[in-house]
2 protein chains.
Amino acid sequence: MIRVDFTPEQFKVAIATSVIVFGFDGENLKVLLGKKSGNPFEGAWIVPSSVVNVDEDTTDVARRLLKKITGTDSWHLEKLNGFADLYRNPQGRVINMAYYCTVRLDLNIEDRLEKENYSWFNLNETPSLAFDHNEILDYARERLKRRVKRRPIGFSLLPKEFTMYNLQRMYECALSKNFDKRNFRRKVLKSNLLIEMDKKTRSSSRAKRPSKLYKFDEKKYRTLSLKGYDFVYQ
Amino acid sequence: MIRVDFTPEQFKVAIATSVIVFGFDGENLKVLLGKKSGNPFEGAWIVPSSVVNVDEDTTDVARRLLKKITGTDSWHLEKLNGFADLYRNPQGRVINMAYYCTVRLDLNIEDRLEKENYSWFNLNETPSLAFDHNEILDYARERLKRRVKRRPIGFSLLPKEFTMYNLQRMYECALSKNFDKRNFRRKVLKSNLLIEMDKKTRSSSRAKRPSKLYKFDEKKYRTLSLKGYDFVYQ
DNA sequence: ACAAAAGTGTTACACTTACACCCATGT
DNA sequence: ACATGGGTGTAAGTGTAACACTTTTGT
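Worth saying up front: this structure is predicted, and the values here are computed from it rather than measured.

What counts, and at which threshold
Residues numbered from 1 in each chain as written. Chains lettered and ligands numbered in written order. Predicted model: local features only at pLDDT ≥ 70, side-chain atom pairs only at ≥ 80, totals over all residues. Heavy atoms only, no water. Near = heavy atom within 4 Å. Polar contact = N/O pair within 3.5 Å; in protein donor to acceptor, adjacent residues only side chain to side chain. Helix = DSSP H or I, 4+ residues; strand = E, 2+ residues; numbered from the N terminus. Least-squares fit on C-alpha atoms with pLDDT ≥ 70 in both. Contact = heavy atoms within 4.5 Å. Salt bridge = Lys/Arg side-chain N within 4 Å of Asp/Glu carboxyl O. Phe/Tyr/Trp six-rings, centres within 6.5 Å; stacked < 30°, edge-to-face > 60°. Buried < 20%, exposed > 50% of the residue type's maximum accessible area, 1.4 Å probe, protein only. Lys NZ or Arg CZ within 6 Å of the ring centre and 35° of its normal. Buried area = accessible area lost by both parts, 1.4 Å probe. Nonpolar A, V, L, I, M, F, W, Y, C, P; charged D, E, K, R; others polar. Pairing = 2+ DSSP bridges. Patch = residues over 30% accessible without salt bridge, like charges linked within 9 Å, V, L, I, M, F, W, Y side chains within 5 Å. Areas by Shrake-Rupley, 256 points an atom, 1.4 Å probe, with all protein chains shown as cover. Lys, Arg positive; Asp, Glu negative; His and termini not counted. Charge placed at Lys NZ, Arg CZ, Asp CG, Glu CD. Expected span 1.5 Å × (residues − 1). Arc of directions from axis to C-beta.

1. With respect to the protein's contact with DNA strand D
Thinking step 1. Close to DNA strand D lie 22 residues, the nearest being Asn 183 and Arg 209 of chain A together with Lys 181, Arg 186 and Arg 206 of chain B.
Thinking step 2. In DNA strand D, atoms within 4 Å of the protein come 35% from sugar and phosphate.
Thinking step 3. One nitrogen or oxygen atom from the side chain of Arg 186 of chain A is found 3.2 Å from a base nitrogen belonging to DNA strand D.
Thinking step 4. Between DNA strand D and the protein, one listed contact pairs a base nitrogen with a side-chain N or O atom of Lys 181 of chain B at 3.0 Å.
Thinking step 5. Those elements giving two or more residues to the surface near DNA strand D turn out to be α5 (181–190) of chain A together with α5 (181–190) and β10 (211–216) of chain B.

Right, dumping it as structure tokens:
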């Protein structure tokens, strides 16, 4: 028989939640970081975080945090893991339930971010973070990588309409790998989930010749995924 | 600036840990379950679990639990996730940091298990469990599946020496999929990580003709994995 | 003129899948 | 005798990876 009996002294732990927010500017993956105020680690960079009360659901708090930062909570939010190392927070035993989400940078959430003192960092130029937030960020990157490989989640980082160059860069950043342009295009077009638009645009400020715009066929994808299909790239 | 300030009322959470223990009897995957004593859920089946004190490391407690149950803690133990649903435990807010491990059933840990009142269940014949332990078990099965696909972790479930039949059954159970015998053998032998023994044995009690024994070449695998190689089956 | 990305096919190789029969042994 | 897994090869198809040049446009 297994005993799992708690005494009052064992109810002395607190909960925090962090949300790793990923964005994509058309060429590079970004992550949102902010500066911590108050002790400990005053002024250090951290991942967006919040305290969770004993009677609060961690996902609810994470969503609220997201709404406060970005103005909406309609983003794809996914639980990562609990981080429970003994000395991760000098103020006491705190368990961090971490999430990540993907946002579209073309919807203007910038003003709000500046008011809240958050900034975007390129994923491979992130500063050293307080607490165990570097570990959490690394964990989130791995999760994003896995998801992008197996599902069309990367499209939630792109604007509604995007060029092949944008799409390829997104895959290259998320998977830390370069692809052959011809092979890449053939492979993603084979899925029949990209709709070619009649419009063109320039993929980046450096680009001279405009390129075709595509959008992701959400409806078709939903139908196919009911039958077990998924949008895989690896 | 981000404020993450805790008040004393927020330090009122407790920590538990559970370990999902997987085994393999040569033909089927098993999981270890025990009966709960004391309130709540007296007599219900649960996954091996323990309270974690505020000053204890969850991994340490999980290892201790594993040693108490199986007599040794030298098994492959891996953190799964934190489970923090508001009402997962009726006694208060309890966060469960869950782990899984793989054990070899040919090492006789059976006596000890009986004393502790644990039993092995076939993975597809598990009873309904107390708390959110069914959710945790499902999570563990998914993780095992993923790991078995990408790494030779399945070998830690098999005896030192095993037959092709055993190996194939292990993959079939872990991945919930049947494989063609000829294709399976060709594929795993191609890795050159199986050493053919000069011995033979019967793969199961039903088998009549004895079959060759193989062992996994741990040394070679360690060398290769330094170079980024891994033992993949999918 | 020049720079920069847009756009486009073919070939070789590797891997996956489907498939069927005889063999050795224990009961 | 018979039941059970042990053991073996081939061929078709699918997917992946490597590879280079012309076109269009903005500066």
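2. Focus on the relation of the copies chain A and chain B
Thinking step 1. After a rotation of 179° and a shift along the axis of 0.0 Å, chain A superposes on chain B with an RMSD of 0.1 Å. On this basis, the relationship between the two copies can be described by a two-fold rotation axis.
Thinking step 2. Residue by residue, 100% of the interface of chain A is reproduced at the interface of chain B, so both copies engage with the same surface.

3. Details of the pattern of salt bridges
Thinking step 1. Taken as a whole and judged by the stated rule, the model has 23 salt bridges over all chains.
Thinking step 2. Between Arg 169 of chain A and Glu 172 of chain A there is a salt bridge, with its nearest N and O atoms 3.4 Å apart. Here Arg 169 of chain A and its partner Glu 172 of chain A are both found in helix α4 (residues 164–175), three residues apart, which amounts to about one turn of the helix.
Thinking step 3. Glu 196 of chain B is paired through a salt bridge with Lys 212 of chain B; the nearest N and O atoms lie 3.4 Å apart. With a gap of 16 residues between them, Glu 196 of chain B in strand β9 (residues 194–201) and Lys 212 of chain B in strand β10 connect regions that are remote in the sequence.

4. A closer look at the packing of aromatic side chains
Remark: the centre distance and the inter-plane angle together describe each pair of aromatic rings, the angle taken between the planes.
Thinking step 1. Within this structure, the stated rule accounts for 30 aromatic pairs over all chains.
Thinking step 2. Ring centres of Phe 184 of chain A and Tyr 233 of chain A lie 5.2 Å apart, and the angle between their planes is 50°; this geometry places the pair in the tilted category. Here the residue Phe 184 of chain A occupies a position in helix α5, and Tyr 233 of chain A occupies one in the segment after α6 (218–226), the gap between them amounting to 49 residues.
Thinking step 3. Taking the relative accessible area as the measure of exposure, Tyr 233 of chain A reaches 3% and is therefore buried.
Thinking step 4. Between Phe 216 of chain A and Tyr 221 of chain A the ring centres are 5.7 Å apart and the planes differ by 50°, which places this aromatic pair in the tilted class. This pair shows no difference in class: Phe 216 of chain A is buried, exactly as Tyr 221 of chain A is.
Thinking step 5. Through a chain of ring-to-ring contacts, three or more aromatic side chains come together here, namely Phe 155, Phe 162, Phe 216, Tyr 221 and Phe 231 of chain A.
Thinking step 6. Across from the ring centre of Tyr 233 of chain A, 4.3 Å away, lies the NZ or CZ of Lys 187 of chain A, which sits over that ring.
Thinking step 7. For Lys 79 of chain B, the ring lying beneath its charged end belongs to Phe 83 of chain A, and the centroid distance is 4.6 Å.

5. What about the interface of chain A and chain B?
Thinking step 1. If you look at the interface, chain A gives 55 residues, while chain B gives 55 residues.
Thinking step 2. Across the chain A to chain B interface the summed buried area is about 4600 Å²; carbon plus sulfur atoms make up 57%.
Thinking step 3. At the surface where chain A touches chain B, the tally comes to zero salt bridges.
Thinking step 4. Across the chain A-chain B interface, the total number found is 21 residue pairs in polar contact (both at pLDDT 80 or more).
Thinking step 5. At five residues, strand β5 (residues 76–83) of chain A tops the list of elements feeding residues into the side of chain A that touches chain B.
Thinking step 6. Taken together, the residues that form the side of chain A that touches chain B break down as 23 nonpolar, 16 polar and 16 charged.

6. Concerning the sheet that holds strand β10 (residues 211–216) of chain A
Pairing between the strands of a sheet is mediated by backbone hydrogen bonds and can be parallel or antiparallel.
All names here are of chain A.
Thinking step 1. Taken in spatial order, the three strands of this open sheet run β8-β10-β9, and their pairing is antiparallel. Edge positions in the sheet fall to β8 (161–162) and β9 (194–201), since each of these pairs with one other strand and no more.
Thinking step 2. Of the pairings in the sheet, the one linking β8 to β10 comprises two bridges and is antiparallel in character. When the bridges of β10 are listed, Phe 162 appears paired with Tyr 214.

7. Regarding the side chain of Arg 143 of chain B
Thinking step 1. For Arg 143 of chain B, the location among the structural elements is in helix α3 (residues 133–150).
Thinking step 2. Looking at Arg 143 of chain B, the relative accessible area reads 4%, which means it is buried.
Thinking step 3. A distance of 3.0 Å separates polar atoms of two side chains, one belonging to Arg 143 of chain B and the other to Glu 78 of chain B.
Thinking step 4. Aside from chain neighbours lying at most four places away, what touches Arg 143 of chain B is Tyr 139 of chain A together with Glu 78, Lys 79, Leu 80 and Tyr 100 of chain B.

8. Side note on the pairing of β10 of chain A
Thinking step 1. As judged from the five bridges shared by β9 of chain A and β10 of chain A, these two strands associate in the antiparallel manner. In the sheet register, Lys 200 of chain A faces β10 of chain A, and the bridge partner there is Lys 212 of chain A.

9. Points about the sheet that holds β10 of chain B
Thinking step 1. Judged by pairing direction, the sheet is antiparallel, and its three strands sit side by side in the order β8-β10-β9 (chain B) without closing on themselves. The open sheet has two edge strands with one neighbour each: β8 (161–162) and β9 of chain B.

10. Digging into the side chain of Gln 168 of chain B
Thinking step 1. With respect to the helices and strands, the residue Gln 168 of chain B is situated in helix α4 (residues 164–175).
Thinking step 2. We classify Gln 168 of chain B as buried; its relative accessible area is 9%.

11. Brief notes about a positive patch on the surface
Thinking step 1. Together, Lys 181, Arg 182, Arg 185 and Arg 186 of chain B give the surface a local cluster of positive charge.
Thinking step 2. In this structure, Arg 186 of chain B sits in helix α5.

12. Structural notes on helix α1 (residues 58–70) of chain B
All names here are of chain B.
Thinking step 1. When the terminal C-alpha atoms of α1 are compared, their 18 Å separation across 13 residues agrees well with the 18 Å that a helix rising 1.5 Å per residue should span.
Thinking step 2. Regarding α1, the residues found buried are Thr 58, Val 61, Ala 62, Leu 65, Leu 66, Ile 69 and Thr 70. Down the axis of α1, the sector holding all buried residues measures 145°, keeping them to one side.
Thinking step 3. The backbone nitrogen of Thr 59 lies 3.0 Å from a side-chain oxygen of the residue at the head of α1, namely Asp 57.
Thinking step 4. Remark: Gly 71 follows α1 within two positions and exhibits a positive phi of approximately 90°.

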